[in-house]
Amino acid sequence: MQFGIFSVSDITRDPVSGETPTEAERIDAIVQIAEKAEEVGLDVFAIGEHHNPPFFSSAPTTLLSHIAAKTRKLIVSTATTLITTNDPVRIAEEYAMLQHLAKGRMDLMLGRGNTAPVYPWFGADIRQSLPLALENYNLLHRLWREDVVDWEGKFRTPLQGFTSTPRPLDDLPPFVWHGSIRTPEIAEQAAFYGDGFFANNIFWPKEHYIRLIKFYRQRYAHHGHGTEKQAIVGLGGQAYIAKRSQDAIKEFRPYFNEAPVYGHGPRMEDFMDQTPLSVGSPQEIIDKTLTFREHFGDYQRQMFLMDHAGLPLKTVLNQLDLLGEEVVPVLRKEIEARQDPETAKPPTHAGRVSDKYGDGPVRQPKPNANRGDNVTGGSPYQDSK
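Computed from a predicted model, the values in this text were never measured in an experiment.

Peer 1: Looking at this structure, how should I read the pairing of strand S1 (residues 2–7)?
Peer 2: Every regular strand shows the same layout, with side chains that alternate between the two sheet faces. A large share of S1 lies buried, amounting to six of its six residues. The sheet contact formed by S1 and strand S13 (residues 301–305) spans five bridges and is parallel. When the sheet's bridge partners are listed, isoleucine 5 is paired in S13 with phenylalanine 304. Pairing geometry for S1 and strand S2 (residues 44–47), over four bridges, is parallel. Each bridged residue has a counterpart across the sheet, and for phenylalanine 6 the counterpart in S2 is alanine 46. This β-α-β element, S1 to helix H1 (residues 23–39) to S2, shows right-handed connectivity.

Below you can see the structure in the form of structure tokens.
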């Protein structure tokens, strides 16, 4: 099991101090948070993608490249890469470059986003959100697997003899998760390609995600990628931890009450009962997280949201200490003891290279002689596929 944290990159007023951080302060803070995640033994750090205030992560590959350079083992990922409003050609190029710079320590999660005004800013129509997601990923999938692509679709100009550069590291495309809150078509897309499916698992009752994940597992097996137990599932979650449960409740309540996404609504205790929100002692966080496996089956990645709603940096770093030192080690031990032996291993670049090549040579594409552009003729690579 991989454990990590994800951020939506919000810049929110601290309801306790009354202070709102600047964009520069939040960007500096998120780098410190990612470094802390590695320091306390977490496996993954993921950042969302937004193109509007009050969020700062409009260029996730730039941020993740910087974080990868400052860490040694941490897998960097996205909490959403917008497959609908980004050109799949640019996604192919930018994330392949990130894959090289991170030496394989990366993957990405594709999603449609939930900010309606973003679509026209990038020349897209939100009413075509689902067809955009399906068509754009079909192209992205090919760009990472074929040296030369001829393609024509509905939403972008055709491609003729196009090569996306750089080619993926070790000629192995980055691992892709498809994230969804409610859309079975996205679960079907993940299953069709044999990719991972990530359930947000924050705002909705468990029954909602049980249906979605069960559907994904069934379709994964239907498409011949393995058994239902071997499907690759990731879950979100959110937690606030203190040594004592009553302190956690007291400290987090003002942030919950003022949070833009769920504040001024249900009581925090009711929200905790009805959703995956965990607020309490380390043991309480452990106990609730272990119920996820009971509901959804064995899965490969557990991500926690911990830096939202205006929580100050010092508090978040303290949260990570508790998560990494007192919660995750117990979860690793307990889950390993309970896990079905048929469960697939979490995706890593090294493991996937081994699966693809075994003991054989790993492809390292070399371009043909430099003619200035190399955009005409057959494959531009010496070992053309």
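Peer 1: Quick question: what am I supposed to make of the packing of aromatic side chains here?
Peer 2: For any pair of aromatic rings, the description consists of the separation of the ring centres together with the inter-plane angle of the planes. In this structure the tally under the stated criterion is eight aromatic pairs. Note on tyrosine 137 and tyrosine 193: the rings are 4.9 Å apart at their centroids and 90° apart in plane angle, and the pair reads as edge-to-face. Here tyrosine 137, found in helix H5 (residues 129–143), pairs with tyrosine 193, found in helix H6 (residues 184–193); they are 56 residues apart in sequence, far enough to count as distant. A relative accessible area of 1% places tyrosine 137 in the buried class. For tyrosine 193, a relative accessible area of 18% gives the class buried.

Peer 1: What is the right way to read the packing of helix H10 (residues 282–296) against helix H11 (residues 313–338) from this model?
Peer 2: Describing two packed helices takes the angle between their axes plus the distance from one axis to the other. Packing of H10 against H11 brings their axes to within 10 Å, and their N-to-C directions diverge by 35°. Here the hand of the crossing between H10 and H11 comes out right-handed. Residue-level contacts link Pro282, Ile285, Ile286, Thr289, Leu290 and Arg293 of H10 to Glu326, Val327, Val330, Leu331, Glu334, Ile335 and Arg338 of H11. Residues of the contact of H10 with H11, tallied by class, amount to eight nonpolar, one polar and four charged.

Peer 1: Explanation requested: the sheet that holds strand S5 (residues 107–111) in the structure shown.
Peer 2: Sheets are built from strands paired through backbone hydrogen bonds, the pairs being either parallel or antiparallel. One open sheet accounts for nine strands, arranged S3-S2-S1-S13-S10-S9-S8-S5-S4; its pairing is parallel. For this open sheet the edge positions go to strand S3 (75–78) and strand S4 (81–82), each flanked by a neighbour on one side alone. As defined by bridge partners, S4 adjoins S5 across two bridges and the pair is classed as parallel. Residue leucine 82 lies in a different strand from S5, and its bridge partner there is glycine 111. Here H1 sits on the sheet and contacts S1 and S2; the angle it forms with S1, its principal contact strand, is near 175°.

Peer 1: What's the story with helix H2 (residues 60–70) in this structure? I'm lost.
Peer 2: Since the α-helix packs 3.6 residues into each turn, any two residues three or four apart lie on the same face. Among the residues making up H2, those that are buried are Pro60, Thr61, Leu63, Leu64, Ile67 and Ala68. Around the axis of H2, the buried residues are gathered within 160° of arc, so they sit on the same side. Within H2, the exposed residues directed more than 90 degrees away from the buried face are Thr62 and Ala69. Buried residues along H2 sit in contact with H1, S2, S3 and helix H3 (88–101).

Peer 1: How should the nonpolar core be read in this particular structure?
Peer 2: Core analysis: the biggest nonpolar cluster contains 105 residues, and Ile5, Leu42, Phe45, Tyr216, Phe252, Val279 and Leu323 have the highest contact counts within it. With nine residues, the single largest contributor to this core is H11. Ignoring anything within four residues of it in the chain, the contact list for isoleucine 5 reads Ile33, Ala37, Leu42, Val44, Phe45, Ala46, Met303, Phe304, Met306, Leu320 and Leu323.

Thresholds, definitions, all that
Residues numbered from 1 in each chain as written. Predicted model: local features only at pLDDT ≥ 70, side-chain atom pairs only at ≥ 80, totals over all residues. Heavy atoms only, no water. Buried < 20%, exposed > 50% of the residue type's maximum accessible area, 1.4 Å probe, protein only. Helix = DSSP H or I, 4+ residues; strand = E, 2+ residues; numbered from the N terminus. Pairing = 2+ DSSP bridges. Right-handed = clockwise from strand over helix to strand, strands pointing away. Phe/Tyr/Trp six-rings, centres within 6.5 Å; stacked < 30°, edge-to-face > 60°. Axes fitted to C-alpha atoms, helices over the stretch in contact; angles between N-to-C directions. Left-handed = near helix turned anticlockwise from the far one by under 90°. Contact = heavy atoms within 4.5 Å. Nonpolar A, V, L, I, M, F, W, Y, C, P; charged D, E, K, R; others polar. Arc of directions from axis to C-beta. Core = buried A, V, L, I, M, F, W, Y, C linked by side-chain atoms within 4.5 Å.

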